[in-house]
Amino acid sequence: FPEGQLYFNDIGCYTLGHADPHNTAAALLCMGAGFTLAAGVSRVTGARTVGFMGDSTFFHAGMPALLNAIQTRANIVAVILDNQVTAMTGFQPSPTGLLGPARPAQRADIAAVVRALGADHVETVDPQDLPTAVAAFERARDASGVSVIICEHPCPVHERRAAVPPAPRGRFVVDETRCRSCGRSCAGMQCHLET
């Protein structure tokens, strides 16, 4: 994208893109605002803008924003970063992730949802395949209206965590000799880990 490109980020792991060397966050407001900010600024300035959003946020707050952008013919590139887990808030399952062999689930298809909302230019890429991803972003950059790029790759942190079982933890008990906060009896409360 050209120098001075306006990027609108969202709250998630990808918020780290705001700093050098990426500088992909002219504004960061709240979860779900990546597309609405991009569409609003595009309408006011006439510039083609870029908005980012994660897969989980897309399903709980992004679909209405994208639908509105499509209906109003906003001039944006909507980037959905699908890492197949809700990593930011504790690695809860995402609608696009698998729950595991003990809890199988049907995976949601972001591209199908986006097309159902009315988007015409939709591409899914693996961001680890850099030449393919760059080509998709160049096509989106050069298009007009709403272009949607879905970057789909499992979260590496989640993959590492899933490969290593968590260490066993002791039980939590109160050490009343160390408790100094309220002066009440702490019988039955759990304040620290007993080792």
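Residues numbered from 1 in each chain as written. Predicted model: local features only at pLDDT ≥ 70, side-chain atom pairs only at ≥ 80, totals over all residues. Heavy atoms only, no water.

**Q** How would you explain unusual backbone geometry if you had to name every residue and give the values?
**A** Although it is not a glycine, Arg-73 adopts a positive phi angle of roughly 55°. In this fold, Arg-73 is placed in the loop between helix H2 (55-71) and strand S4 (76-82). Arg-73 sits in the exposed class, given a relative accessible area of 71%. (Helix = DSSP H or I, 4+ residues; strand = E, 2+ residues; numbered from the N terminus. Buried < 20%, exposed > 50% of the residue type's maximum accessible area, 1.4 Å probe, protein only.)

**Q** Break down the pairing of strand S8 (residues 147-152) for me, with residues and values.
**A** Extensive coverage of S8 is indicated by the burial of five of its six residues. In this sheet, S8 lies alongside strand S7 (residues 121-125) in parallel orientation, the contact comprising five bridges. Paired with Val-125 across the two strands is Cys-151, which belongs to S8. In this fold, S7 hands off to helix H4 (residues 130-142), which returns the chain to S8; that crossover is right-handed. (Pairing = 2+ DSSP bridges. Right-handed = clockwise from strand over helix to strand, strands pointing away.)

**Q** Go over H4 with me, naming the residues and quoting the values.
**A** With 13 residues, H4 extends 18 Å from end C-alpha to end C-alpha; this agrees with the ideal 18 Å at 1.5 Å per step. The set of residues buried in H4 consists of Ala-133, Ala-136, Phe-137 and Ala-140. With its buried residues spanning 95° around the axis, H4 presents them on a single face. The exposed residues of H4 that point more than 90 degrees off its buried face are Pro-131 and Asp-142. Looking at the buried side of H4, the elements it contacts are S4, S7 and S8. (Expected span 1.5 Å × (residues − 1). Arc of directions from axis to C-beta. Contact = heavy atoms within 4.5 Å.)

**Q** Outline a negative patch on the surface, listing residues and values.
**A** Together, Asp-109, Asp-126, Asp-129 and Glu-152 make up a region of like negative charge exposed at the surface. Residue placement: Asp-129 occurs in the loop between S7 and H4. Asp-129 gets classed as partly exposed once you look at its relative accessible area, which sits at 35%. (Patch = residues over 30% accessible without salt bridge, like charges linked within 9 Å, V, L, I, M, F, W, Y side chains within 5 Å. Areas by Shrake-Rupley, 256 points an atom, 1.4 Å probe, with all protein chains shown as cover. Salt bridge = Lys/Arg side-chain N within 4 Å of Asp/Glu carboxyl O. Lys, Arg positive; Asp, Glu negative; His and termini not counted. Charge placed at Lys NZ, Arg CZ, Asp CG, Glu CD.)

**Q** Lay out the sheet that holds strand S3 (residues 49-54) with the relevant residues and their values.
**A** Taking strand neighbours across the sheet as the criterion, the six strands line up as S2-S1-S3-S4-S8-S7 in an open arrangement whose pairing is parallel. The open sheet has two edge strands, strand S2 (27-28) and S7, and neither has a second partner. As paired elements, S3 and S4 share six bridges and run parallel to each other. In the strand pairing of S4, Gly-54 is matched with Leu-81. Seen against the sheet, H2 touches S3, S4 and S8 and runs at an angle of roughly 145° to S3. (Axes fitted to C-alpha atoms, helices over the stretch in contact; angles between N-to-C directions.)

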